[in-house]
Amino acid sequence: MKLILLGAPGSGKGTQAAYISDKYDLPHISTGDLFRENIKNETPLGKKIKSVMSTGQLCPDDLTVELVKDRLEEADCKSGYLLDGFPRDIPQAVALDEFASPDVVIEIKVDLAKVEHRITGRRSCLSCGGSFHVDFIGNVSKCPKCGDELVIRKDDNPITVKERLEVYENQTAPLIDYYKKQGKLVVINGDQSIENVFSDIVKVLG
Ligand code: AP5
Ligand code: MG
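This write-up is about the structure you can find in this document. (Residues numbered from 1 in each chain as written. Chains lettered and ligands numbered in written order. Predicted model: local features only at pLDDT ≥ 70, side-chain atom pairs only at ≥ 80, totals over all residues. Heavy atoms only, no water.)

In total, this model carries 2 aromatic pairs according to the counting rule given. Ring centres 5.3 Å apart and planes at 35 degrees place the aromatic pair Tyr-19 and Phe-198 in the tilted group. One end of the pair, Tyr-19, is in helix α1 (residues 13-24); the other, Phe-198, is in helix α10 (residues 194-205), with 179 residues separating them in the sequence. Where Tyr-178 meets Tyr-179, the ring centres are 5.0 Å apart and the plane angle is 90 degrees; that geometry is what we call edge-to-face. For the pair Tyr-178 and Tyr-179, a shared accessibility class is recorded, and that class is buried. For Lys-23, the ring lying beneath its charged end belongs to Tyr-24, and the centroid distance is 5.9 Å. (Phe/Tyr/Trp six-rings, centres within 6.5 Å; stacked < 30°, edge-to-face > 60°. Helix = DSSP H or I, 4+ residues; strand = E, 2+ residues; numbered from the N terminus. Buried < 20%, exposed > 50% of the residue type's maximum accessible area, 1.4 Å probe, protein only. Lys NZ or Arg CZ within 6 Å of the ring centre and 35° of its normal.)

Here it is in structure tokens:
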């Protein structure tokens, strides 16, 4: 099963990916997480994309496609993958079609007016990739999943969120039509509880 999760910043891609990856035993590949790991480890790639990522703009397509291509060549991706946050524009989708075209694209559709609250209250774990909200876990400093430190992402502030939403509407939203035309798009209502969003996804995937 080759799956893509598509959706605005804060739509719940990372949250749902963790559940899907567990249930269907698929490697969860988040380009955002891979970039953050590179920044944390101060790799050459991390140094190149650090400033652009903090503004909410997209990292260059060539670097992103290369990163994903390398990751999909690893052994655990042989029988499928779950991509979260990739592709992010038409050139990336065209590139992916050339080396590992997806079977199903799940769009998590949310009211964009509500995502700022979700993002500014998010606490992220850089170790396990977990994503939580203070509304649910309170003001704790340790990851409820792995016990490591929780952080507030550098791009999780109201100004960058506005920028990320504009990037989403201009560059990523055209992918909805792209995959609709390929007959691969499934739309899920993301404006419901985490559990109900997941149960709708399971109904689709079986
Ligand atoms: P990335 O890390 O992918 O960020 P994003 O797309 O902006 O998405 P988020 O991670 O913010 O949201 P999410 O949908 O995962 O939501 P989550 O589940 O955490 O990318 C960051 C940056 O990296 C980009 O801006 C770009 O610079 C670069 N980048 C990444 N990929 C790239 C690419 N392909 N090309 C170029 N550049 C790229 O949930 C959010 C919050 O809401 C959490 O607090 C969660 O607990 C809560 N929540 C989740 N679901 C629900 C629900 N149903 N009800 C209530 N609360 C909920
Ligand atoms: Mg995410």
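Right, picking up where we left off after that structure.
On to helix α8 (residues 158-172). With 15 residues, α8 should reach 21 Å at 1.5 Å per residue; the first-to-last C-alpha distance of 20 Å fits that figure. Of the positions making up α8, those classed as buried are Thr-160, Val-161, Arg-164, Leu-165, Val-167, Tyr-168 and Thr-172. Down the axis of α8, the smallest arc covering the buried residues is 160 degrees, so these residues share one side. Of the exposed residues in α8, those oriented more than 90 degrees away from the buried face are Ile-159, Lys-162 and Asn-170. (Expected span 1.5 Å × (residues − 1). Arc of directions from axis to C-beta.)

What follows concerns the sheet that holds strand β4 (residues 104-109). The sheet built from 5 strands is open, its strands ordered β2-β3-β1-β4-β8 with parallel pairing. At either end of the open sheet lies a strand with only one pairing partner, and these are β2 (28-30) and β8 (185-189). Averaged over neighbouring strand pairs, the angle between their axes works out to 20 degrees when direction is ignored. Judged from the 3 bridges that link them, β2 and strand β3 (residues 81-84) form a sheet pairing that is parallel. When the sheet's bridge partners are listed, Ile-29 is paired in β3 with Leu-83. (Pairing = 2+ DSSP bridges. Axes fitted to C-alpha atoms, helices over the stretch in contact; angles between N-to-C directions.)

Contacts to ligand 1 come from 35 residues, most closely from Thr-15, Gln-57, Arg-122, Ser-131 and Arg-164. Between ligand 1 and Arg-88 there is a distance of 2.9 Å, counted from an oxygen atom to a side-chain nitrogen or oxygen. Across the complex, the protein chains shield 95% of the 1,000 Å² of accessible surface that ligand 1 would expose by itself. Those elements giving two or more residues to the shell around ligand 1 turn out to be α1, α2 (31-40) and β6 (131-133). Looking at which element gives the most residues to the shell around ligand 1, the answer is α2, with 4 residues. Taken together, the residues that form the shell around ligand 1 break down as 10 nonpolar, 17 polar and 8 charged. (Near = heavy atom within 4 Å. Polar contact = N/O pair within 3.5 Å; in protein donor to acceptor, adjacent residues only side chain to side chain. Areas by Shrake-Rupley, 256 points an atom, 1.4 Å probe, with all protein chains shown as cover. Nonpolar A, V, L, I, M, F, W, Y, C, P; charged D, E, K, R; others polar.)

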